[in-house]
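# Residue-level structural notes
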Amino acid sequence: MSITDKEYDKMAKKAAPPSPKGLNMIKAFLVGGAICALGEGLYKLFERLGVNEDGVRALVPITLIVLTAILTAFGVFDKIAKHSGAGTIVPITGFANSVVAPAMEFQSEGRILGTGAEMFKIAGPVIVYGSSAAVVYGLIYWITQR
């Protein structure tokens, strides 16, 4: 039995009602902004604690990654992401979540074939292409600075 495109469209619209785009954009903006503001707050906190500039620049992303990993492990980050959508894809928190979530999901399959094999399924391409782009950029910079 085959269905027509028209029938399929009708079924799809019934199954997935349209989302409120305006509200979704506002939520994404607010949550993404809150994550960035948290990063800035951490920056100022570490500065006040007397950490030097290099230390602060290292501690802020590390803290955001650890917080995201903990929130992902307890299922909190997914609930935040469900309501804010793209707002949680601020690069550092989105990346941390994309590594931790599959690792948690597949840990029952063992450390190597579960956690190890699945952990970088989503984040792996980001690492590969990001590193490749950095090498290409570095080469271009090196050639042009000679």
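Below is a summary of the structure that appears in this document. What you see is a predicted model, and the numbers here were worked out from it, not measured in a lab.

Thresholds applied
Residue positions within a chain follow its written sequence, with the count starting from 1. Given that this is a predicted model, residues contribute local features only at a pLDDT of at least 70 and side-chain atom pairs are listed and counted only at 80 or more, while totals for whole chains, interfaces and linings are drawn from all residues. Side-chain numbers come from the whole structure's heavy atoms, not from hydrogens or water. Residues qualify for a patch when their relative accessible area is over 30% and they have no salt bridge, like charges being joined within 9 Å and the nonpolar side chains of Val, Leu, Ile, Met, Phe, Trp and Tyr within 5 Å. Only the protein chains shown count as cover for residues, and the accessible areas themselves come from Shrake-Rupley with a 1.4 Å probe. Throughout this description, the term salt bridge denotes a Lys or Arg side-chain nitrogen within 4 Å of a carboxyl oxygen of Asp or Glu. Runs of E in the DSSP output that reach at least two residues are strands. Runs of H or I that reach at least four are helices, and both are numbered from the N terminus. Expected span, for any helix, means 1.5 Å times one less than how many residues it has. Three exposure classes are used, based on accessible area relative to the maximum for each residue type with a 1.4 Å probe and protein chains only: buried under 20%, partly exposed in between, and exposed over 50%. Working rule for contacts: check all heavy atoms of both residues, and any pair within 4.5 Å makes them a contact. Note on geometry: axes are lines fitted to C-alpha atoms, helical ones only across the stretch in contact, with angles between N-to-C directions running from 0 to 180 degrees. If an angle is under 35 degrees, it is roughly parallel; if it is over 145, roughly antiparallel; if it lies from 65 to 115, roughly perpendicular; otherwise it is oblique.

We now examine a nonpolar patch on the surface. Taken together, the side chains of I62, V66, I70, L71, F74, V76 and I80 define a hydrophobic patch exposed on the protein surface, amounting to about 610 Å² of accessible area. Broken down by secondary-structure element, the contributors of at least two residues to the nonpolar patch are α3 (53-73) and α4 (76-84). With 4 residues, the single largest contributor to the nonpolar patch is α3. You can see I80 is positioned in helix α4.

With that settled, the discussion passes to the environment of A73. Here A73 shows up in helix α3. Distance from A73 to G22, taken between C-alpha atoms, is 30 Å for residues 51 residues apart in sequence.

The end-to-end C-alpha separation of helix α2 (residues 21-48) is 40 Å, in line with the 40 Å expected for 28 residues at 1.5 Å each. Listing the buried residues of α2 in full gives A28, G32, I35, G39, L42 and F46. Against the buried residues of α2 lie α3, α4 and α5 (91-105). After α2 finishes, the residue G50 shows a positive phi value of roughly 90 degrees.

So, on to the packing of α5 against helix α7 (residues 123-144). In the contact formed by α5 and α7, the axes pass within 9 Å of each other and the chain directions differ by 130 degrees. Overall, the two elements α5 and α7 adopt an arrangement that is oblique. Across from F95, S98 and V99 in α5, the residues of α7 making contact are A123, V126 and I127.

Applying the stated criterion to the full structure yields 1 salt bridge. Between R57 and E53 there is a salt bridge; the shortest N-O distance is 3.1 Å. Placement of the pair is R57 and E53 together in helix α3, with a separation of 4 residues, close to one helical turn.

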